[in-house]
Amino acid sequence: MHPDHTAPTSTPPPPSRGGRQLRNIAVTLALGAAMFAAGAIMLTPDGTTAAPPSGNGQPAAPLRGSIAALQDRVTRLPKDSGGWAALGMAYVQQARSTADPATYDRAEKALRTSLTVQSEDNTDAEIGMGALSAARHDFPTALRWARKATTSGPYSSSAYGVLADAYTQLGRYDEADKAVQKMTDLRPDAASLARASYAFELRGETDRARALMRRSLAAAATRADTSFAHNVLATLDLQDADPRAALSRTQTGLRAAPGDSALLETRALAHMALGNTTKAIADYRAAIAVAPLPHYLLGLGELEQSLGHREQAEAQYTLLRAQDRIRAAAGDPADTDAILFEADHGDPRRAVTMAEQTLRTRPFVAVHDAYAWALHRAGRDTEALVQADKALATGMRSALFRYHRAVVHHALGDPEAARRDLTEALREPAFHALHATAARDLLQRIDTTP
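Computed from a predicted structure; not experimentally measured. (Residues numbered from 1 in each chain as written. Predicted model: local features only at pLDDT ≥ 70, side-chain atom pairs only at ≥ 80, totals over all residues. Heavy atoms only, no water.)

Visitor: Got a sec to walk through the overall build of the protein? Specific residues and values, please.
Guide: The helix and strand inventory of the protein stands at 22 helices and two strands. Every one of the 450 residues in the protein was classed for burial, and the buried ones make up 60%. Split by element, the accessible area of the protein, about 16,900 Å² in all, is 51% carbon and sulfur. (Helix = DSSP H or I, 4+ residues; strand = E, 2+ residues; numbered from the N terminus. Buried < 20%, exposed > 50% of the residue type's maximum accessible area, 1.4 Å probe, protein only. Areas by Shrake-Rupley, 256 points an atom, 1.4 Å probe, with all protein chains shown as cover.)

In C-alpha cells:
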C-alpha cells in the first residue's frame, strides 16, 4: 500500500515508492502513505456524505447528500458545528481524491468555523483538523489534534484512528499499535481492521495483514471502504508475485467503483507485471485523469522510460517538476515520491536536502528509504546504509527498499549482503519499471564475478 494512501475513516490511507512503495512507499500511505493518515469522512452506502462520529463515539445523524448539500445545510444552520465539521471532512476527502490543494484550504475554513461555533469538546472538528494536518503531511500537528480529539471524545474510534496515523508517520510504531488496538476495541469496523492490517504489514506479517484486510472488506459499509480493501488486497497479491490475482481483485473493485484512481494504478501495476504495457499505460493515464498524484505521474513516466519512450516520459517528469516547484514555494516538506524522483531524474544532492527536511517531521520508514537512496545517488554510501537499515528495521516487506539497500551494499564492497537483498527484492520480479531490470542485472553480475 502506498504510504500516503489513506483509509477512508468511516471509519477513518501512508506510503511513496517504497511500501508497495508502501505501494509506491499513497500508502501514499499512501499508509500513503500506506497509508492512512488522512480523512475522517464517512460515506453512506450509496456514496453520499454522512456525518462523522459524534463526541461520544457514536455516528451522528446522517447528513444525506453531496458537498453541495452540506454547504446548503451550513448556510441554513450556520451555528451547526457538526455540519461545519462534516463539510470540512468532506473537503479533506475530496482533496485526497482530486489532488487539489485549494480544497484543503476550504476544508480548514469549514473546520475552523466549526471550532469557532463550538470551541470546547468539539471532537468532530478536532478529528477533522487532525485528518487535514495528516493529509498535508504535517504529522506533528496531526498528533496534537488527535490527542485533543481523544481527550474530548475518549470513546470515538475515529479519533484513535487519526492518532494511530500520526504515530505511524512519526515512526512511533509501538504507540501506533496501542492506538489501533484502542480503536478496534471501541469499534471493530472496516476502518479499525484496515489499520490493524497495516500495522502487521509494517512488521512484514503479510498473512495476518491479509486476513485482517479480508475482515475489513467483509465489514465494509461504504464504497470507499470496499475500494480501499480491494486495493490493499491486490497490492499484497503483487507482493506475493501473483499479478493475475491482483488483476482479478482490481477488476472486482473497479466494477463497484469505476474510476477509482488507486485501483486503476494497482491494475496498471498488475498489467505491467503480466507484460501488458499498453494496458498498464492506459490505466495510469486514466488514474492521472482522475487525480494527477505524484506517484501516478512517476509510475507512468518510469514505465514510458523503460519502454524507450523518452518524450512521453519527459512529459510526466515535467509535470512532477512543476508540482515540486509549487510545493517548495509553499515551504512544505517533500513526499517520498518527490525525493526519489529528484534522486533518479534530477540533482541527488538536492534530493538529500529534501529528504533531510522531511525526515525532521516525518521519521517514517518510507522517508528513511528515500533518504538512503538519495545519499547513495549523491555518493554517500556509508550514511546511506544507516538509513537503509532503518527503512527495513520494522521487518516490512518492500522489494524497492531491498533493492535500494542491495545497491548500497554492493557500492560498499559487500556482494554477499547485496545478493541477499536482491534475492528478496526479486521475489516480486516486476516490482519497479526501471529498477527490477537493474536488480536482475546486478544479481547476474554478482553471481558471475569470481
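Visitor: An account of the nonpolar core is requested, with residue identities and associated values reported.
Guide: Within the largest apolar cluster, 47 residues are counted, with the highest numbers of intra-cluster contacts made by Leu-87, Leu-111, Ile-127, Met-129, Leu-132, Leu-143 and Leu-163. With nine residues, the top contributor of residues to this core is helix 2 (residues 81–98). By size, the runner-up hydrophobic cluster in this structure holds 43 residues, among which are Ala-338, Ala-343, Ala-374 and Tyr-403. (Core = buried A, V, L, I, M, F, W, Y, C linked by side-chain atoms within 4.5 Å.)

Visitor: Before we move on, could you go through the environment of Ala-149 and cite the residues and values that matter?
Guide: By the element assignment, Ala-149 lies in helix 5 (residues 139–152). Using a relative accessible area of 1% as the deciding quantity, one classes Ala-149 as buried. Taking C-alpha positions, Ala-149 is 8.0 Å from Asp-121, a pair spaced 28 residues apart along the chain.

Visitor: Explain the packing of aromatic side chains to me, and be specific about the residues and the numbers.
Guide: Counted under the stated rule, the structure contains four aromatic pairs. Taking 6.5 Å as the distance between ring centres and 55° as the angle between the ring planes, the aromatic pair formed by Tyr-173 and Phe-364 counts as tilted. Note that Tyr-173 is positioned in helix 7 (residues 173–186) and Phe-364 in the loop between helix 17 (348–361) and helix 18 (365–377), a separation of 191 residues in sequence. Summarising the aromatic geometry, the rings of Tyr-317 and Phe-341 are spaced 5.3 Å apart at their centres and angled 50° between planes, so their arrangement reads as tilted. One end of the pair, Tyr-317, is in helix 15 (residues 310–330); the other, Phe-341, is in helix 16 (residues 336–345), with 24 residues separating them in the sequence. Residues Tyr-317 and Phe-341 agree in their burial class; the two are buried. In this structure an aromatic cluster arises from ring pairing among Trp-373, Tyr-403 and Phe-431. Seen from the ring of Trp-145, Lys-148 lies directly overhead, with NZ or CZ sitting 5.8 Å from the centre. (Phe/Tyr/Trp six-rings, centres within 6.5 Å; stacked < 30°, edge-to-face > 60°. Lys NZ or Arg CZ within 6 Å of the ring centre and 35° of its normal.)

Visitor: Kindly report on the pattern of salt bridges, identifying the contributing residues and their values.
Guide: In this structure the tally under the stated criterion is 29 salt bridges. Across the pair Arg-362 and Asp-335 runs a salt bridge, and its minimum N-O distance is 3.1 Å. Taken together, the residues span a long stretch of sequence, with Arg-362 in the loop between helix 17 and helix 18 and Asp-335 in the loop between helix 15 and helix 16 at a distance of 27 residues. Accessibility assignment for this pair places Arg-362 and Asp-335 in one class, buried. Between Arg-380 and Glu-383 there is a salt bridge, with the nearest N and O atoms lying 2.8 Å from each other. Connected via shared salt-bridge partners are Asp-105, Glu-108, Arg-112 and Arg-136. (Salt bridge = Lys/Arg side-chain N within 4 Å of Asp/Glu carboxyl O.)

Visitor: Help me get a handle on the packing of helix 6 (residues 157–169) against helix 8 (residues 190–202), residues and values and all.
Guide: Contact geometry for helix 6 and helix 8: axes closest at 11 Å, N-to-C directions at 15°. Judged by the inter-axis angle, helix 6 sits roughly parallel to helix 8. In this structure, helix 6 meets helix 8 at a crossing whose hand is left-handed. Taken together, the residues of helix 8 that come into contact with helix 6 (itself represented by Gly-161, Ala-164, Asp-165 and Thr-168) are Arg-195, Tyr-198 and Leu-202. Each residue belonging to the contact of helix 6 with helix 8 can be placed in one class, and the counts come to three nonpolar, two polar and two charged. (Axes fitted to C-alpha atoms, helices over the stretch in contact; angles between N-to-C directions. Parallel < 35°, antiparallel > 145°, perpendicular 65-115°, else oblique. Left-handed = near helix turned anticlockwise from the far one by under 90°. Contact = heavy atoms within 4.5 Å. Nonpolar A, V, L, I, M, F, W, Y, C, P; charged D, E, K, R; others polar.)

Visitor: Describe the environment of Gln-93, and please don't skip the residues or the numbers.
Guide: Tracing the sequence through the fold places Gln-93 in helix 2. By relative accessible area, which is 14% here, Gln-93 ends up buried.

Visitor: Tell me what's going on with helix 6, and back it up with residues and numbers.
Guide: Given a rise of 1.5 Å per residue, 13 residues ought to cover 18 Å, and the 19 Å separating the end C-alpha atoms of helix 6 matches this to within 8%. Among the 13 residues in helix 6, 13 count as buried, and that is most of the element. Backbone geometry just after helix 6 places Gly-171 at a positive phi near 75°. (Expected span 1.5 Å × (residues − 1).)

Visitor: Tell me about helix 20 (residues 399–411), residues and numbers included.
Guide: With 13 residues, helix 20 extends 18 Å from end C-alpha to end C-alpha; this agrees with the ideal 18 Å at 1.5 Å per step. By the criterion of burial, helix 20 is predominantly enclosed, with 10 of the 13 residues buried. Residues of helix 20 that are buried: Ala-399, Leu-400, Phe-401, Tyr-403, His-404, Arg-405, Ala-406, Val-407, Val-408 and His-409. If you follow the buried residues of helix 20, they end up packed against helix 16, helix 18, helix 19 (381–391), helix 21 (415–425) and helix 22 (435–448). One or two positions beyond helix 20, positive phi appears at Gly-413, with a value near 80°.

Visitor: Describe unusual backbone geometry, listing the residues and the values that go with them.
Guide: Positive phi, close to 55°, is recorded for Asp-121, a residue that is not glycine. With respect to the helices and strands, Asp-121 occurs in the loop between helix 3 (101–117) and helix 4 (123–135). Even without being glycine, Ala-241 reaches a positive phi, approximately 60°. Structurally, Ala-241 can be placed in the loop between helix 10 (223–239) and helix 11 (243–256).

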